[in-house]
Amino acid sequence: MEPEKISPEMAVAEADVRPEEAGEFVHGTSLWRDAWRRLLKNKLAVFGLVVVVLITIASVTGPTLIKSIFGFTPDYIPTQDTQLVRSFPPFTGPNGQFSWAHPMGTDNAGRDQLARVLQGGQISLFVGIIATLVSLVIGISYGAIAGYVGGRVDNVMMRVVDVLYSLPYVIVVIVLLSMFRSQTARGQLILLFIALGSVSWLTMARIVRGQVLSLKNQEFVLAARATGVSGPRIVFRHLVPNTLGPVIVYATLTIPQIMLTEAFLSFLGLGVQAPLASWGSLAADGVQNIAIFPWQLIFPGVTMALTLFSLNFLGDGLRDALDPQMRTT
Amino acid sequence: MLRFIIRRLLITIPTIIVVITLTWALIRLAPGNFYSGEKRLPPAIEKNIREKYGLDKPWYEQYAKTMANILLRFDFGTSLRFEGQSVNTIIRRSLPVSAAVGILAYLLALLVGVTIGSIAALKQNSRWDYASMALAMLGISVPNFVLGPILVLVFSLSLYWLPPSRWGGFPSKNLILPVLTLSAIYMAYIARLTRAGMLEVLRSDYIRTARAKGLSEKDVVIRHALRGGLMPVVSYTGPALAFLLTGTVVVERIFALPGLGNYFIQASLNRDEPLIIGIVAFISITLLFMNMLVDIAYAYLDPRVRYH
């Protein structure tokens, strides 16, 4: 930059920036460390974190472990056709004797429930995380652009969000999923991502827009603009990282919501299709036999409830830790 | 206030058009149609039926006709699956079922949720507070399609106290389990919202004034704190109604109730276009109308809110 082009205003801005940015930096790290310390003090949040980590590890490694210990995969169906009833209660073998092989019992076809539940967990968690990421990408971009550009563009963009917000979206999603039902399990899974991701970004967009609106007039943005940083770069390098706190909190609370919606859709037979299984579709299968084989519903149901419970506590704890002012809700 | 209502109506109508268009487009863009099922009709018969329902006309004519019938005459057409029955008849028959379950569930949730939430707020950080908030979190985390069957297992199949399913008219014992199942999650949300709202209000100046002028604690809580503390609950009513609609879909399926949700799922799976569009339009109109009522109630309850 040529010296004579620096106006007094810009010079002031630049002079202000360095201590400001340095201050921001030191403050930034201690904010996260502070939050982490506050989170560890919250017993329920730590409980949630531990359970979520354990269930994730169990879901990822479980089916392989079971295969190496007992020698069957989640979709292994015993071939000897001696029994009419193949669904055994927990810890019971084919002849009614005690057995370690099926701690959660077996399903109608004689498949091991524990292995099925763990494999279902992979799909449930995967759907929750991927759909949340989709909603993060769409929501952050949309909200940040609306907030940064402002004016009429912002107005129109947020009106669109308002209209979409007031739609009974689950109803529309049910129509989408039942009309475009895919013949393959993978096709249906992709459809599910589109359906879940496309409806859950709205709140994220509102949160990010609010944050960007309050940030965009601060000195560090002025400084960035003064030094010739382009608009998109200001939005994604300078503004978006500063909105991360609320975004992380909201994302943590979005995962259980999406998992619940996925389970709801799978329960109705519109979500995850066989041979894939999720907690929702396992529970749906279990409901059919509730009177005779209650364990078919109870184990996937309770595992799912425990996971959602932990994720919700973790999300609440993160919110308290990252933003003590929002404590009351 | 009148201007506010008019403005809300002006946004509501485009929203309804968007919903109907979206649903219509989804049904039409999807491969296949109502007649592409397993049982193939002879071409001549299919042609006659198509003529009868106006399906032989160009798509824009059909779209315009559907839209005009719904918006101008509230006429949703005739169901393809339930022959000879108009969508309006089906809605009129199934709405009371959904409404009974939904309204009872929401009232129960309000009663229990507000009580639990207020107790938690008044005894903040006590054992009561932690217990009720853990319970509320449990209510949010247990999916209703798990809770419902477990209630059936306990109260119908083991204790034989209550019927496990089916519609038994209003009022009847059959309603108890569906209502409990549906209300659990709203109870939990309302308890959390009440606690949050009450905590904020109890710290405010006007509550201190009320206490300072010597009102009894009961009067302070019931006449002053609750009115302000319940504002978050009032504004939650809008979204709650939307969730209530989806909740009923599952609950009606579990308990085999002939409500709107059950018909909607059947219609979607059968590709019964007029019935799908009819129910979607009906639900959207109800929802948007309710949301407007909630906003008006909000302005009435909280004099600080002014719409302009």
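Every chain's residues receive numbers from 1 upward, in the order its sequence appears when written. Naming scheme: in the order in which they are written, chains are lettered from A and ligands are numbered from 1. In view of the model being predicted, local features appear only for residues whose pLDDT reaches at least 70, and side-chain atom pairs are presented and counted only at 80 or more, with totals across whole chains, interfaces and linings using the full set of residues.

## Re the overall build of chain A
Counting its secondary structure elements, chain A contains eleven helices and zero strands. Only DSSP runs of H or I with at least four residues qualify as helices, and only runs of E with at least two residues qualify as strands; both kinds are numbered from the N terminus onward. Tracing chain A from N to C terminus, the helices and strands come up as α-α-α-α-α-α-α-α-α-α-α. We call two residues in contact whenever the C-beta atoms placed from their backbones are within 7 Å. Considering only contacts in chain A between residues 6 or more positions apart, those separated by 24 or more positions represent 70%.

## Things to note about the overall build of chain B
A tally of regular secondary structure across chain B gives twelve helices and zero strands. The order of α-helices and β-strands along chain B, N terminus first, is α-α-α-α-α-α-α-α-α-α-α-α. With the C-alpha coordinates of chain B rotated into their principal frame, the extents come out at 85 × 55 × 30 Å. Within chain B, residue pairs in contact and separated by at least 24 positions form 75% of the contacts whose partners lie at least 6 positions apart.

## Some words on the interface of chain A and chain B
Taken residue by residue, the interface counts 33 residues in chain A and 38 residues in chain B. Secondary structure elements with two or more residues in the side of chain A that touches chain B: helix 5 (169–179), helix 9 (244–267), helix 10 (279–288) and helix 11 (295–322) of chain A. Three categories are distinguished: nonpolar for Ala, Val, Leu, Ile, Met, Phe, Trp, Tyr, Cys and Pro, charged for Asp, Glu, Lys and Arg, and polar for the others, with Gly belonging to the last. The class makeup of the residues in the side of chain A that touches chain B is 27 nonpolar, six polar and no charged.

## Here's the deal with the packing of helix 3 (residues 113–149) of chain A against helix 6 (residues 185–215) of chain A
In a pair of packed helices, the angle between the axes and the distance between the axes together describe the arrangement. Residue and element names in this part refer to chain A. For helices, the fitted line uses only the C-alpha atoms of the stretch in contact; every axis is such a line through C-alpha atoms, and the angle between N-to-C directions lies from 0 to 180 degrees. Their axes nearest at 5 Å, the elements helix 3 and helix 6 cross at an angle of 40°. The orientation of helix 3 relative to helix 6 falls into the category oblique. Considering only the axes of helix 3 and helix 6, their crossing is right-handed. A breakdown of the residues in the contact of helix 3 with helix 6 according to their chemical character gives 21 nonpolar, six polar and two charged. In these notes the angle categories are as follows: under 35 degrees is roughly parallel, over 145 is roughly antiparallel, 65 to 115 is roughly perpendicular, and the rest is oblique. What makes a crossing left-handed is the near helix being turned counterclockwise from the far one by less than a right angle; a clockwise turn instead makes it right-handed.

## Considering unusual backbone geometry
Residue and element names in this part refer to chain B. Although it is not a glycine, alanine 256 sits at a positive phi angle of roughly 50°. With respect to the secondary-structure elements, alanine 256 resides in the loop between helix 10 (231–254) and helix 11 (260–270). Owing to 13 C-beta atoms within 10 Å, alanine 256 belongs among the partly exposed residues under this scheme. Here the phi dihedral of arginine 271 falls at roughly 55°; this positive angle occurs in a residue that is not glycine. Here arginine 271 falls in the buried class, since 21 other C-beta atoms lie within 10 Å of it. Here the C-beta atoms are placed from the backbone, and a residue counts as buried if at least 20 other C-beta atoms lie within 10 Å of its own, exposed if 12 or fewer do, and partly exposed otherwise.

## Structural notes on helix 6 (residues 144–158) of chain B
Residues and elements named next belong to chain B. Here the expected span of a helix is defined as 1.5 Å times the quantity of residues minus one. Over its 15 residues, helix 6 extends 20 Å from the first C-alpha to the last, a length consistent with the 21 Å expected when each residue adds 1.5 Å. What the bend at a residue measures is the angle between two axes, fitted to the seven residues ending there and to the seven starting there. The sharpest bend along helix 6 measures roughly 25° and falls at valine 152. Taken together, the buried positions of helix 6 are Asn144, Phe145, Val146, Leu147, Gly148, Pro149, Leu151 and Val152. Just downstream of helix 6, tyrosine 160 is the residue with a positive phi angle, here 55°.

## Comments concerning the confidence of the model for chain B
Residues and elements named next belong to chain B. The predictor's confidence in any single residue is recorded as pLDDT, a number from 0 to 100. Of the residues in chain B, 94% reach a pLDDT of 70 or more, and the chain-wide mean stands at 81. Within chain B, helix 4 (residues 87–122) carries the highest mean pLDDT (87), whereas helix 10 carries the lowest (77). This prediction of the complex comes with two scores: 0.79 for pTM and 0.79 for ipTM.

## Here we look at the packing of helix 5 of chain A against helix 1 (residues 2–29) of chain B
Between helix 5 of chain A and helix 1 of chain B, whose axes approach to 9 Å, the crossing angle comes to 10°. Relative to helix 1 of chain B, the element helix 5 of chain A lies roughly parallel. Residue-level inspection shows A:Val172, A:Val175, A:Leu176 and A:Met179 of helix 5 of chain A in contact with helix 1 of chain B, the latter providing B:Leu22, B:Thr23, B:Leu26 and B:Ile27. Classifying every residue of the contact of helix 5 of chain A with helix 1 of chain B gives seven nonpolar, one polar and no charged.

## Considerations on helix 11 of chain B
All names here are of chain B. The buried fraction of helix 11 is high, at eight of eleven residues. Within helix 11 the residues assigned to the buried category are Leu260, Gly261, Asn262, Tyr263, Phe264, Ile265, Ala267 and Ser268. Where helix 11 ends, the next residue or the one after it, arginine 271, has phi of about 55°, a positive value.

## Digging into the confidence of the model for chain A
All names here are of chain A. Confidence in the prediction for chain A averages 76 pLDDT; 81% of positions are at 70 or higher. Confidence, read as mean pLDDT per element, is least for helix 1 (residues 8–41) in chain A (57) and greatest for helix 3 (85). Here residues 1–27 is modelled with pLDDT under 50, and outside its nearest four sequence neighbours on either side it reaches 17 contacts, counting other chains as well.

## Description of the environment of B:Phe264
Residues and elements named next belong to chain B. Positionally, phenylalanine 264 belongs in helix 11. Separated by 15 residues in sequence, phenylalanine 264 and isoleucine 279 have C-alpha atoms that sit 6.6 Å apart. The residues touching phenylalanine 264, leaving out its near neighbours within four places in the chain, are Val249 and Ile279.

## Some details on the environment of B:Gly229
Residue and element names in this part refer to chain B. Among the structural elements, glycine 229 can be located in helix 9 (residues 217–229). Remark: the alpha-carbon pair of glycine 229 and alanine 68, spanning 161 residues in sequence, is separated by 44 Å. With residues near it in sequence (within four places) discarded, glycine 229 still touches Thr194, Gly197, Met198 and Val201.

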